[in-house]
Amino acid sequence: MPDHRPQINDDFARLCDIVARLRAPDGCPWDREQTNRSLLPALIEEAYETAEAARAQDDAHFREELGDLLLLVVMHAQIAYETGRFDIEGVIEEVSDKLIRRHPHVFGTSEARDAGAVLKQWEAIKREEKRTDSHFLASLPKALPALVRAQKAQAKAARVNFDWTALRDVIAKVEEELGETKEAIESRQEERIEDEIGDLLFAVVNLARKSKIDAETALQSATDKFVARFNRLEDELKTRGRKLGEVELAEMDEMDAIWDRIKQTSNAKH
């Protein structure tokens, strides 16, 4: 593969120059008003849109979203530079040093060769770097989406052999948590219900992980499927001169029948 680094350097420098120009006194009023705090919602949104494009396997869209995400990284670094905190060069240097430091099997003398050994080595190095809290899960970010954080916590624990051995044990745990959730609902104690539903969700995430399924992706797909089917239900009601929200309880059987037919049709396509 040819080495494109000189061109990458030129293109990246051009992007940084454009962002600096936008932030200049005679630049764009909107860009000049932004702060690291004000750009946080956009950063999160672009990360999710990038993930969506990757899942859709739409390379043109994926490339575009990666660009939008990179733009925000450069913008955040430019704002930090203007306030004398750090610059994009420092960001790049730090992450480069970290990659070398955490891959001694590539850049050093470590003998770790399989993925499992590499992950354990990574965690050990990371804990050594972050000595403020020696707990194994101290590096687990609290800001992650709940499904992602749950799966990441379980995966990390599994690296030190705190894990179910057989899939049937995980299924049994899901069934156990479902039973406890039913009991909590019967008790009508809101705090207990919330607690048990949380345990149930955590167990289901574990089932996804043990089945080698990403829980976040699975739920996104399920939601997409529901939205598509609901849109078809709405279209079907329109052809009958009806609107969502106007169907009376006594007519719910009709809507259920439409929904079941839509499900059967969509399942047949798969």
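Our structure is the block above this text.
Heads up: these notes are all about the structure in this document. Predicted, not measured: the structure shown is a model, and the values here were computed from it. (Residues numbered from 1 in each chain as written. Predicted model: local features only at pLDDT ≥ 70, side-chain atom pairs only at ≥ 80, totals over all residues. Heavy atoms only, no water.)

1. Description of the nonpolar core
Then comes step 1: Counting residues in each nonpolar core, the largest one holds nine residues, listed as C16, V19, L39, L72, V74, M75, A77, I79 and I88.
Then comes step 2: When contributions to this core are tallied by element, the ones reaching two or more residues are α1 (5-23) and α4 (59-82).
Then comes step 3: Among the elements that line this core, the one with the most residues is α4, at five residues.
Then comes step 4: Sequence-distant contacts of L39, that is, excluding residues within four places in its chain, are made with W30, Q34, L72, M75, H76 and I79. (Core = buried A, V, L, I, M, F, W, Y, C linked by side-chain atoms within 4.5 Å. Buried < 20%, exposed > 50% of the residue type's maximum accessible area, 1.4 Å probe, protein only. Helix = DSSP H or I, 4+ residues; strand = E, 2+ residues; numbered from the N terminus. Contact = heavy atoms within 4.5 Å.)

2. Some remarks on the packing of aromatic side chains
Then comes step 1: Evaluation of the coordinates by the stated rule reveals two aromatic pairs.
Then comes step 2: Between F226 and W259, the ring centres sit 5.6 Å apart and the planes meet at 55°, which makes this aromatic pair tilted. A residue pair is termed long-range when its members are at least 10 positions apart, and F226 in helix α11 (residues 215-239) and W259 in helix α12 (residues 252-269) qualify at 33 residues.
Then comes step 3: Grouped by ring-pair contacts, the aromatic residues F226, F230 and W259 constitute a single cluster. (Phe/Tyr/Trp six-rings, centres within 6.5 Å; stacked < 30°, edge-to-face > 60°.)

3. A closer look at the layout of surface pockets
Then comes step 1: For the largest pocket, the calculated volume is near 390 Å³.
Then comes step 2: Taken together, I44, A47, Y48, A51, R55, P141, A143, L144, P145, V148, D214 and E216 make up the lining of the largest pocket.
Then comes step 3: Broken down by element, the lining of the largest pocket gets its largest block of residues, five residues, from helix α3 (residues 40-56).
Then comes step 4: For the lining of the largest pocket, the class distribution of residues is nine nonpolar, no polar and three charged.
Then comes step 5: Its boundaries defined by the atoms lining it, the second largest pocket holds a volume of some 240 Å³.
Then comes step 6: Taken together, 13 residues line the second largest pocket, and the ones lying closest to its centre are Q154, F162, W164, F202 and N206.
Then comes step 7: Secondary-structure elements contributing two or more residues to the lining of the second largest pocket are α8 (146-158), α9 (167-187) and α10 (190-210).
Then comes step 8: The dominant element in the lining of the second largest pocket, judged by the number of residues it contributes, is α10, at five residues. (1 Å grid on protein atoms, 1.4 Å probe; cavity = no way out; pocket = protein on both sides within 12 Å on 5 of 7 lines; lining within 4 Å. Points joined across faces, edges and corners; volume = space filled by probe spheres on them. Nonpolar A, V, L, I, M, F, W, Y, C, P; charged D, E, K, R; others polar.)

4. Comments concerning the packing of α8 against α11
Then comes step 1: Relative to each other, α8 and α11 sit at 145°, their axes nearing to 8 Å. Across from L147, V148 and Q151 in α8, the residues of α11 making contact are A215, E216 and L219.
Then comes step 2: Partitioning the contact of α8 with α11 into residue classes produces four nonpolar, one polar and one charged. (Axes fitted to C-alpha atoms, helices over the stretch in contact; angles between N-to-C directions.)

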